[in-house]
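Given next are the chains, with one letter for each unit.
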Amino acid sequence: MVNKVIQLRCDCNQYPWGKQGRESLAATLCEKTPGNGFKLDESKSYAEMWMGTYPTLPSYVLETDEDLQDVLDKHSDELIGQNVIKKFGHSKLPYLPKVLSIAKALPLQLHPNKELAAKLHAKDPEQFTDANHKPEIALALGPFEAFVGFKPLKDIQQLMELEPLQKFLPEIKKADFDDQALKHVVKTLLKASEDDVRKTNEALLKLPKERFGRETYIPELIPRLSEQYDVEDNGTLVALITMNYLQLNEGDSIYIPADGIHAYLSGDIIECMARSDNVLNTGFCPRADRNNVDTFVGCLTFNPHDTSEAILKPRKFDGSKNGKTQIYAPPMSEFNMLMTTLNDGENDIIRAIGGPSIMIVSEGEGTLEADGKEHKLSAGYIFFIGQGTELKFSATKKLKAFTAHAE
């Protein structure tokens, strides 16, 4: 008989945008799993801890060191469940949760839709390692900055009328500034020469702050982004002029649809996405690492088109007995995310979920009673939970846990 609750060991990757050493929550949480073998190096930048079965950075059973996917393949009915297997056509987890620790802007990016992902995968399977789409959520564990989607058209149009930016506008009447005109602007900005980008940034910095209207953060962020990458990086103009700039706090969340433009800027987050690792990058990275601008712009979606459209608000989870758990439910079929928050001495019982779950404790201590056993909980502990398993969380020290699940 297979265990329905399996403690995991995970790993943390390194990208230049990650936080250094113990500043990285991703790395410190990864290190806290007992017997993990992960050795944190203070001189290295740690970006993402992955949890799940994607082959690039898979999770392993802590006790036996088996690849989690091998266990799921052997016991798919008991652990994944036929409902989820039939829904997605395989016995793999349909989602990929991560912890990200962000010191500077990630590449300006989007994740292609299923149709384009299939074409890119067929053409270049080394770079595009699957044929799936990758809508995602980002849930703030503390202060979090991000560029997400596009500003309202009228706000972009007003900024584009600033003298240094007028040369990037299409030749149209003011009343005709629509999403196609915005697409032209984004394409023109991304294709602008290094000299043009540098001169435009310098000219914007010379303007009085009040010329930017409500967007007074623009001249404040130009030097910061230029220092992180380069004053000639096209991503700076696209992000600051056309995209929503969000400053979020703990518990806030955003949803990024497939083909949605975004670039996370700073903070620690829980991220969860459909099972994919496909990405197109066009800024905040060396030019040699950028994908084709025409491909990028060709599949852009224009949602969200306002900060309010990007926010994913939690609601009370009806499967929480004591009301200590909220649910973040993005408009996609692959997963939902639960957040359980308990003060000292509190507990909550979560109904059995009809599909597989991955749970991480981000802070605190306590116990998890499930499948007839009691498991110790502490910050950094990660568990796979098989379908049909009721969970009882109890906190001895203020505890917070995040559970991604499919049904």
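Use the structure listed above.
About the thresholds
Residues numbered from 1 in each chain as written. Predicted model: local features only at pLDDT ≥ 70, side-chain atom pairs only at ≥ 80, totals over all residues. Heavy atoms only, no water. Axes fitted to C-alpha atoms, helices over the stretch in contact; angles between N-to-C directions. Helix = DSSP H or I, 4+ residues; strand = E, 2+ residues; numbered from the N terminus. Parallel < 35°, antiparallel > 145°, perpendicular 65-115°, else oblique. Left-handed = near helix turned anticlockwise from the far one by under 90°. Contact = heavy atoms within 4.5 Å. Nonpolar A, V, L, I, M, F, W, Y, C, P; charged D, E, K, R; others polar. Phe/Tyr/Trp six-rings, centres within 6.5 Å; stacked < 30°, edge-to-face > 60°. Lys NZ or Arg CZ within 6 Å of the ring centre and 35° of its normal.

Interaxial distance between helix α8 (residues 194–206) and helix α10 (residues 234–242) falls to 9 Å at its minimum, and their mutual angle equals 45°. Taken together, the axes of α8 and α10 are oblique relative to one another. Considering the relative orientation of α8 and α10, their crossing is left-handed. Facing V197, T200, N201 and L204 of α8, the residues of α10 in contact are N234, T236, L237 and I241. Here the residues of the contact of α8 with α10 sort into 4 nonpolar, 4 polar and no charged.

The next subject is the packing of aromatic side chains. Applying the stated rule across the entire model yields 8 aromatic pairs. An aromatic cluster is built from F147, Y217 and Y245, whose rings are joined through pairwise contacts. Here K104 stacks its cationic end above the ring of Y229, 4.8 Å away from the centre of that ring.

Its identity as a non-glycine residue notwithstanding, D65 has a phi of 70°, on the positive side. For D65, the position within the fold is in the loop between β6 (60–61) and α2 (68–74).

Another point: the environment of P34. Tracing the sequence through the fold places P34 in the loop between α1 (25–32) and β4 (45–46). Sequence-wise, P34 and L62 are 28 residues apart; in three dimensions their C-alpha atoms are separated by 8.6 Å. Ignoring anything within four residues of it in the chain, the contact list for P34 reads Q7, L62 and Y381.

Quick look at the packing of α8 against helix α9 (residues 217–228) now. As a packed pair, α8 and α9 sit with axes 9 Å apart at the nearest point and diverge in direction by 135°. If you check the angle between α8 and α9, you find them oblique. Handedness of the α8/α9 crossing: left-handed. Packed against α8, whose contacting residues are N201, L204 and L205, the element α9 presents P219, I222 and P223 at the interface. Here the residues of the contact of α8 with α9 sort into 5 nonpolar, 1 polar and no charged.

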